[in-house]
Amino acid sequence: MTLLQMSYILEIDRCGSMNKAAQRLFLSQSTLSSAILEAERELGITIFHRSNRGIRLTEDGKELLAQITPLVERSRKLERYYSRRREKDWLHLSVAAQRYPFCAKAFVELLQEPEQRPMQMSLKEMDMSAVIREVAQGESELGVIFVSDLTEHEVFRVLEEKSLRFQPLVRLKPQVFMRKGHPLAGESSVTVEQLRDFPHVVFAQPDGDLNFAEEAVPGSGVDFPRMVYVSDRATIYNVLAHTDCVSTGSGVLPAGYADESLLAIPLEGQQDMRLGILHRWDIPLTETARAFVERLEGITSEM
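Residues numbered from 1 in each chain as written. Predicted model: local features only at pLDDT ≥ 70, side-chain atom pairs only at ≥ 80, totals over all residues. Heavy atoms only, no water.

Caption draft 1: Main features of the layout of surface pockets. Reported here for the largest pocket is a volume of approximately 940 Å³. Residue assignment for the lining of the largest pocket shows that the elements contributing at least two residues are helix H1 (3–15), helix H2 (18–25), helix H4 (59–86), helix H6 (128–136) and helix H7 (152–161). With eight residues, H4 is the largest single contributor of residues to the lining of the largest pocket. (1 Å grid on protein atoms, 1.4 Å probe; cavity = no way out; pocket = protein on both sides within 12 Å on 5 of 7 lines; lining within 4 Å. Points joined across faces, edges and corners; volume = space filled by probe spheres on them. Helix = DSSP H or I, 4+ residues; strand = E, 2+ residues; numbered from the N terminus.)

Caption draft 2: View of the sheet that holds strand S7 (residues 175–179). Strand order in the open sheet formed by three strands is S10-S7-S11, with antiparallel pairing between adjacent strands. Either end of the sheet is taken by a strand with one partner, and the two such strands are strand S10 (247–249) and strand S11 (262–266). Shown here is a sheet whose adjacent strand axes are inclined to one another by a mean of 35°, direction ignored. Inspection of the sheet shows S7 paired to S11 by five bridges, in the antiparallel sense. Looking at the pairing, Phe177 lines up with Ala264 of S11. (Pairing = 2+ DSSP bridges. Axes fitted to C-alpha atoms, helices over the stretch in contact; angles between N-to-C directions.)

Caption draft 3: How the structure looks around the environment of Phe156. Relative to the assigned elements, Phe156 resides in helix H7. Given a relative accessible area of 32%, Phe156 falls into the partly exposed group. In this structure, the C-alpha to C-alpha distance between Phe156 and Glu59, residues 97 residues apart in sequence, is 29 Å. (Buried < 20%, exposed > 50% of the residue type's maximum accessible area, 1.4 Å probe, protein only.)

Caption draft 4: Quick look at the nonpolar core. Among the nonpolar cores identified, the biggest contains 27 residues, and Phe102, Leu142, Val144, Ile277, Phe292 and Leu296 are the most heavily contacted of them. Contributions of two or more residues to this core are made by strand S3 (91–97), helix H5 (101–111), strand S5 (142–148), strand S6 (164–172), strand S12 (273–280) and helix H10 (287–301). For this core, the element with the highest residue contribution is H10, accounting for six residues. Residues in contact with Phe102, not counting those within four places in the same chain, are Phe146, Ser250, Val252, Pro254, Leu275, Leu296, Ile299 and Thr300. In terms of nonpolar packing, the next biggest core, distinct from the first, is built from 21 residues, Ile12, Ala22, Leu65 and Ile68 among them. (Core = buried A, V, L, I, M, F, W, Y, C linked by side-chain atoms within 4.5 Å. Contact = heavy atoms within 4.5 Å.)

Caption draft 5: Region of the structure containing H7. Taken as a whole, H7 has its buried residues at Val155, Val158 and Leu159. All buried residues of H7 lie within an arc of 100° about the axis, which places them on one face of the element. Seen from the open side of H7, the exposed residues pointing more than 90 degrees away from its buried face are His153, Glu160 and Glu161. Contacts from the buried residues of H7 go to H6, S5, S6 and S12. Positive backbone phi, at 60°, marks Ser163, one or two positions downstream of H7. (Arc of directions from axis to C-beta.)

Caption draft 6: Structural detail: the packing of aromatic side chains. Inspection of every chain in the model, using the stated rule, returns four aromatic pairs. Judged by centre distance (5.3 Å) and plane angle (15°), the ring pair of Tyr100 and Phe102 falls under stacked. By relative accessible area, Tyr100 is classed as buried at 6%. Between Phe156 and Phe166, the aromatic rings sit 5.5 Å apart at their centres with planes inclined by 40°, giving tilted as the arrangement. Taken as a pair, Phe156 in helix H7 and Phe166 in strand S6 lie far apart in primary sequence, ten residues in all. Looking at Phe166, the relative accessible area reads 14%, which means it is buried. Ring pairs connect the aromatic residues Tyr100, Phe102 and Phe146, which therefore count as one cluster. (Phe/Tyr/Trp six-rings, centres within 6.5 Å; stacked < 30°, edge-to-face > 60°.)

The structure is reproduced here in structure tokens:
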């Protein structure tokens with residue numbers, strides 16, 4: 001059985017579909033199916049149950065998956081290590097972050113540094129579960145997330161399963177975002193009870209798990225009678241700027257990186273939010289990644 005066949009099996013299990021896995025692997029479905037059938041013949045087991053409702057692992061397949069996953073991960077780690085050695089004259093940085101404007105500011109500041117070397121830089125804004133997946137699979141070198149005392153137990157459990165390390169950078173007091181002409185705009189601080197009079201805007205979570213929420217007060221239809229769900233940062237800015245909707249978060253709104261018509265007011269009685277980075281515990285950060293983290297620390301420490 002080859003390492004390539006092992007990686008195919010992992011991708012099929014991850015996608016839950018032979019067709020989707022073939023698309024991600026840039027293979028024809030028949031080529032992928034033949035590779036799996038060859039592995040099954042060689043091992044003398046059936047790896048997947050195939051039916052009209054999809055594809056799933058057999059008991060033998062589950063046992064095989066547990067055996068091959070560390071091998072494939074180790075192979076990918078070696079490939080990344082030697083790829084970086086070959087490309088040491090290139091600047092590389094890939095960051096996956098929850099949807100926060102200060103991450104964009106740190107990224108832009110890094111790009112503004114005078115540099116003549118070729119570069120490959122990327123910043124992806126996404127929900128926390130996607131950030132964790134990106135870093136765990138090696139698609140991004142760094143992740144940027146927030147945790148609170150209420151969410152850290154579940155989040156850290158997932159990070160441990162994925163062999164990821166959370167490195168805290170700064171602790172921030174929760175704030176409420178609203179437009180400058182909002183009825184609460186003149187308050188020195190507000191409570192959750194006051195927020196219940198207004199529509200509450202949150203980023204939609206694909207699995208609905210509030211442990212992965214990006215807001216200081218995630219909220220739900222039980223806690224807030226009027227909920228508004230959005231999927232990107234530009235939309236939440238537009239909603240807040242033109243309505244009496246409110247949202248909660250870190251309060252970090254760097255000038256030039258957020259809607260100038262918005263303001264942040266301290267939120268009383270809530271747990272602190274802790275900003276931190278994610279990375280694989282077994283892969284050291286590159287010089288470029290460390291430079292990004294330093295800029296992130298500088299921006300958040302000023303708020």
